[in-house]
Amino acid sequence: MSENLAYKIITYWVEEKSSVLDLGCGDGELLSILVERKNVKAMGIEISEQAIYSCVAKGLSVLHENIEHGLTGYADKSFDYVILYNTFQEIKNPAAVLDEALRVGKKVVVGFPNFAYYKSRLQIFFNGRVPVTSSMPFQWYNTPNLHFLSILDFTDYCNIKKIKIEKSVFIGKSGQVKFLPNLFAEMGIFIVS
Amino acid sequence: MEKNSVGLVETKYFNFDELVLDSKEHLKQVTIAYEIYGQLNEKKSNAILIEHALTGDAHAAGFHKDEDKSGWWDTMIGPGKAFDTKKYFVICSNVIGGCKGSTGPSSVNPKTGKPYGLDFPIITVADMVRAQKKLIDYLGIKKLLTVVGGSMGGMQVLQWLVSYPESVKSLIPIATTVKHSPQQIAFSEVGRQAVMSDPDWRDGNYYGVSFPTRGLSVARMIGHITYMSDVSMAEKFGRRSKEKKPIFKFEPSFEVEGYLKYRGDSFVKRFDANSYLYITKALDLFDLVGEKKLHQVFNGLKAKLLILSFKSDWLYPSYQSKEIVKACKLAGADATYCEIDSTYGHDAFLLEVDEETHLIKHFLERVSNV
């Protein structure tokens with residue numbers, strides 16, 4: 001799976017000169033791409049101090065906070081987009097953070113590794129061990145992932161919560177996956193509102 | 001002298017007739033001591049104002065003639081440093097109420113021809129900044145590239161934001177707060193009581209007669225405890241003692257005792273006791289927005305902020321910096337915040353040079369280019 005492809009898709013989605021809040025922005029790579037290509041007003045929240053240094057070196061505005069309680073300060077709909085890319089599965093209370101993201105952002109971009117990827121299924125089935133894949137390259141004892149969800153889990157959840165999925169793209173090893181994404185995609189990316 | 005020092009510097013003095021204070025009193029014949037480093041560019045757009053903490057002064061960088069000790073923030077100011085004097089014009093002034101060249105309680109009262117003592121009016125952080133604005137106007141600077149400082153310096157930074165938002169392009173408040181907490185007021189008060197209970201204080205009229213050495217040194221000792229952390233004290237002193245066996249006497253024998261005594265003793269040689277009272281009072285009175293909501297005051301703010309705090313700082317804990325962050329969020333102000341993982345306690349703002357340099361350097365590059 002290519003991270004660049006995911007970034008390309010998000011960059012394609014995000015509108016020119018919009019405001020973007022990236023939750024768990026890491027070293028700020030995605031945000032700086034968005035600033036460069038889409039001239040967005042960017043803001044990041046990140047829990048790792050080292051990552052903050054990288055963001056600041058890239059000229060980004062970033063807050064050293066925990067996103068689980070870092071959104072309370074923002075007014076409703078204060079960003080055009082809130083991004084939850086590859087962080088969603090690592091937070092203690094994803095439901096609460098998604099609710100907050102939907103409150104603060106007009107649209108929310110959600111991207112996460114698909115646990116129902118066929119290779120994961122095969123590894124569990126044949127090896128009897130927790131799967132290790134390129135989108136989830138960790139062992140059970142060192143994974144930052146707290147929640148394991150599939151593309152269908154997420155779409156089910158959105159249906160129950162009446163969250164509107166505006167767009168979705170599924171990414172596999174060699175690009176976009178259109179056929180049976182819950183089986184063949186390593187990553188799902190959605191815009192919800 | 002090290003290669004990246006600003007070198008030999010001297011304190012300059014700026015005089016003006018009158019400053020109207022928050023207390024409505026008029027302070028006459030005011031002097032502001034200041035130092036400058038680097039060159040002001042043609043557009044006058046590269047000026048940085050450095051704000052000192054409680055016992056600091058205008059001598060922030062370089063060396064004075066015949067002195068070996070460099071300025072108090074020499075690690076951060078100089079060619080190639082965080083505040084790069086090859087690029088920026090750096091100004092630092094002594095606060096009014098101080099005793100390092102600016103008008104304060106030890107200055108001569110023009111009305112009586114004697115030192116003010118307690119006739120000196122109560123001053124506030126806003127008054128300090130009001131005086132600095134006059135200096136900045138005098139230097140012909142319309143807009144400061146940044147205002148930066150830690151602790152009380154950070155309060156002045158925030159005061160600039162409220163008093164003169166159009167005159168600042170960015171702000172760097174470090175290890176600071178929008179208002180003193182009861183705990184912070186309590187420590188200030190213990191310090192003041194130590195000074196005032198010294199018989200040599202003589203209700204503040206000690207000039208030329210005596211000096212409340214014992215009281216002021218105790219105040220400084222208390223201060224130093226609050227500037228460190230449990231961990232930094234354990235690392236620096238442990239339970240090491242100059243005596244091999246426990247001695248059953250009250251002379252300082254633990255290293256930490258000796259250190260505090262040394263700090264107290266050296267402080268009284270360089271600082272005026274009344275200034276200590278006036279400035280700590282200004283800190284306690286500091287309440288940036290009072291009854292108003294902070295984010296309302298920040299509304300429409302164009303200046304960018306870099307807010308820094310330190311994990312082990314229990315005198316100005318991170319939650320106080322996070323209140324500033326929260327107001328920025330609500331107001332939609334452009335802010336960056338980092339809680340630096342340091343064990344130095346409040347002193348960290350003077351010691352965590354590498355981290356601060358990295359953050360400040362990049363931040364300044366960014367705000368310079370806007």
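What counts and what doesn't
- Residues numbered from 1 in each chain as written.
- Chains lettered and ligands numbered in written order.
- Predicted model: local features only at pLDDT ≥ 70, side-chain atom pairs only at ≥ 80, totals over all residues.
- Heavy atoms only, no water.
- Helix = DSSP H or I, 4+ residues; strand = E, 2+ residues; numbered from the N terminus.
- Expected span 1.5 Å × (residues − 1).
- Buried < 20%, exposed > 50% of the residue type's maximum accessible area, 1.4 Å probe, protein only.
- Lys, Arg positive; Asp, Glu negative; His and termini not counted.
- Salt bridge = Lys/Arg side-chain N within 4 Å of Asp/Glu carboxyl O.
- Contact = heavy atoms within 4.5 Å.
- Disulfide = S-S within 2.5 Å.
- Buried area = accessible area lost by both parts, 1.4 Å probe.
- Polar contact = N/O pair within 3.5 Å; in protein donor to acceptor, adjacent residues only side chain to side chain.
- Pairing = 2+ DSSP bridges.
- Phe/Tyr/Trp six-rings, centres within 6.5 Å; stacked < 30°, edge-to-face > 60°.
- Lys NZ or Arg CZ within 6 Å of the ring centre and 35° of its normal.
- Patch = residues over 30% accessible without salt bridge, like charges linked within 9 Å, V, L, I, M, F, W, Y side chains within 5 Å.
- Areas by Shrake-Rupley, 256 points an atom, 1.4 Å probe, with all protein chains shown as cover.
- Core = buried A, V, L, I, M, F, W, Y, C linked by side-chain atoms within 4.5 Å.
- Domains from an automatic or database assignment.

**Things to note about helix H2 (residues 152-163) of chain B**
Residues and elements named next belong to chain B. In a regular helix each residue adds 1.5 Å, so 12 residues correspond to 16 Å; H2 covers 16 Å between its end C-alpha atoms and thus fits that length. Of all 12 residues that make up H2, 10 are buried, and the element is covered over most of its length. For H2, every residue scored as buried is listed here: Met152, Gly153, Gly154, Met155, Gln156, Val157, Leu158, Gln159, Trp160 and Leu161.

**Examining unusual backbone geometry**
Residue and element names in this part refer to chain B. With a phi close to 60°, Ser151 is a non-glycine residue in the positive phi region. For Ser151, the position within the fold is in the loop between strand S7 (146-150) and H2. Phi at Ala175 takes a positive value of approximately 45°, unusual for a residue other than glycine. Positionally, Ala175 belongs in the loop between strand S8 (170-174) and helix H3 (182-196). In this structure Ala175 comes out as buried when scored by relative accessible area, which is 0%.

**Structural notes on the side chain of Asp347(B)**
Residues and elements named next belong to chain B. Within the secondary structure, Asp347 is located in the loop between strand S10 (335-340) and helix H10 (348-351). Of the side chains with opposite charge, Arg263 comes closest to the buried, unpaired Asp347, at an N-O distance of 6.5 Å. Ignoring sequence-local partners within four residues, the contact set of Asp347 consists of Tyr227 and Met228.

**What to know about the state of the cysteines**
Per the counting criterion, the structure on display carries 0 disulfides over all chains. Looking at Cys92(B), it has no disulfide partner, and the nearest cysteine sulfur is the one in Cys99(B), 14 Å off. Here Cys338(B) stays unpaired: no disulfide links it, and the sulfur of Cys55(A), its closest cysteine neighbor, is 10 Å away. On the basis of relative accessible area, Cys338(B) is assigned to the buried category, the value being 0%.

**Concerning the interface of chain B and chain A**
Contact with chain B, which involves 20 residues of that partner, is made by 19 residues of chain A. Between chain B and chain A, a total of about 1,600 Å² is buried, with carbon and sulfur atoms accounting for 58% of that surface. A per-residue breakdown of the area chain B buries against chain A is headed by Lys329(B), Tyr337(B) and Arg366(B), which together make up 33% of the total. In this structure, the connection of chain B to chain A is made through 1 salt bridge. One salt bridge in this structure joins Lys329(B) and Glu65(A), with 2.7 Å as the shortest N-O distance. Seen at the junction of chain B and chain A, the total is 10 residue pairs in polar contact (both at pLDDT 80 or more). Elements supplying a minimum of two residues to the side of chain B that touches chain A: helix H9 (318-331), S10 and helix H11 (353-368) of chain B.

**What about the side chain of Thr103(B)?**
For Thr103(B), the position within the fold is in the loop between strand S6 (89-93) and helix H1 (125-138). Leaving out residues up to four positions away in the same chain, Thr103(B) has contacts with Leu27(B), Gln29(B), Val30(B), Thr31(B), Ile96(B), Gly97(B), Gly98(B), Tyr116(B) and Phe120(B).

**Some words on the pairing of strand S3 (residues 47-51) of chain B**
All names here are of chain B. Counting buried residues in S3 gives 5 out of 5 residues, a clear majority hidden from the surface. On S3, burial covers both faces: Ala47, Leu49 and Glu51 on one face and Ile48 and Ile50 on the other are all buried. Pairing geometry for S3 and S6, over 4 bridges, is parallel. Bridge pairing in S6 links Leu49 to Ile91. Note that S3 and S7 share 4 bridges and pair parallel.

**Some words on the packing of aromatic side chains**
Summed over all chains, the structure comprises 28 aromatic pairs over all chains. Pairing Tyr116(B) with Phe120(B) gives two aromatic rings, centres 5.0 Å apart and planes at 80°, and the pair type is edge-to-face. Phe120(B) matches Tyr116(B) in its accessibility class, with the two residues each being buried. On the basis of an interplanar angle of 50° and a centroid distance of 4.9 Å, the ring pair of Phe237(B) and Tyr259(B) is categorised as tilted. Remark: Tyr259(B) occurs in helix H6 (residues 255-270) and Phe237(B) occurs in the loop between helix H5 (230-236) and H6; sequence separation between them is 22 residues. For the pair shown, Phe237(B) and Tyr259(B) are each scored as buried. Put simply, the rings of Phe88(A), Phe112(A), Phe154(A), Phe170(A) and Phe190(A) pair up and form one aromatic cluster. Here the basic side chain of Lys133(B) rests over the ring of Tyr164(B), its NZ or CZ set 5.2 Å away from the ring centre. For Arg220(B), the ring lying beneath its charged end belongs to Phe267(B), and the centroid distance is 4.4 Å.

**Details of a nonpolar patch on the surface**
All names here are of chain A. The grouping of Leu122, Phe125 and Phe126 at the surface amounts to a nonpolar patch, some 390 Å² of accessible area in total. Examined against the element boundaries, Phe125 turns out to sit in helix H5 (residues 118-127). For Phe125, a relative accessible area of 66% gives the class exposed.

**Focus: the nonpolar core**
With 104 residues, the main nonpolar core has Leu21(A), Leu23(A), Phe154(A) and Ile91(B) as its most contacted residues. If you tally residues by element for this core, the top one is helix H7 (residues 273-285) of chain B, at 7 residues. Taken domain by domain, this core gets at least three of its residues from each of domain 1 (12-180 + 287-368) and domain 2 (185-282) of chain B. Other than its neighbours up to four places away in sequence, Phe154(A) contacts Phe88(A), Leu98(A), Val110(A), Phe112(A), Leu149(A), Phe190(A) and Val192(A).

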